[in-house]
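Overview (structure and organization)
Listed below, chain by chain, are the residues.
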Amino acid sequence: MAGIQKKYYENGQTETEIGLENGIPNGVSRKYSESGQIQSDENFKNGGREGIQKYYDNSGNLEYELSYKNGKEDGLQKEYFGGTLTVETFYKDGFATKL
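Below or above, wherever it landed, is the structure these notes cover. Bear in mind that the values here come from a model prediction, so they are computed numbers and not experimental data.

1. Comments concerning the pattern of salt bridges
Tallied over the entire structure, the rule returns five salt bridges. Salt-bridge contacts for K6 lead to E17; the nearest nitrogen and oxygen are separated by 3.6 Å. Highlighted residues: K6 in strand 1 (residues 2–8) and E17 in strand 2 (residues 14–21), separated in sequence by 11 residues. Residue classification places K6 among the partly exposed positions, given a relative accessible area of 43%. Owing to a relative accessible area of 17%, E17 belongs among the buried residues under this scheme. Via salt bridges that share partners, K54, E65 and K78 belong to a single interconnected network.

About the criteria used
- Here the residue numbering is sequential within each chain, running from 1 through the sequence in written order.
- Local features in a predicted model are, by the rule used here, given only for residues with pLDDT of at least 70; side-chain atom pairs are given and counted only at 80 or more, and totals for whole chains, interfaces and linings are based on all residues.
- The side-chain figures draw on all heavy atoms in the structure; neither hydrogens nor water molecules are used.
- Think of a salt bridge as a Lys or Arg side-chain nitrogen and an Asp or Glu carboxyl oxygen that are within 4 Å of each other.
- Strands are runs of DSSP state E lasting at least two residues, helices are runs of H or I lasting at least four, and both sets are numbered from the N terminus onward.
- Burial here depends on accessible area, computed with a 1.4 Å probe over protein chains only, as a share of the maximum for the residue type. Under 20% is buried, over 50% is exposed, and the range in between is partly exposed.

In structure tokens:
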């Protein structure tokens, strides 16, 4: 079974959207607040996180931008405060390393 699975809040707003293939997360997954504000934008490949993952604060400002490869943190991770970049950390195979 492949497609998009959606879950809704009682008020009718979309809570989650997740791409599935054979019942396993594959593709884009999004989570929203009850008011419709995006909270996260994630990517999956065969059930594991893959590529850029974005997480937002309650005001809709980007809070974290994480990079994954084969389900592990891999690449430049960014942390924001009020929409301003505050921290950058580089990961390789799930472990923080020096830039």
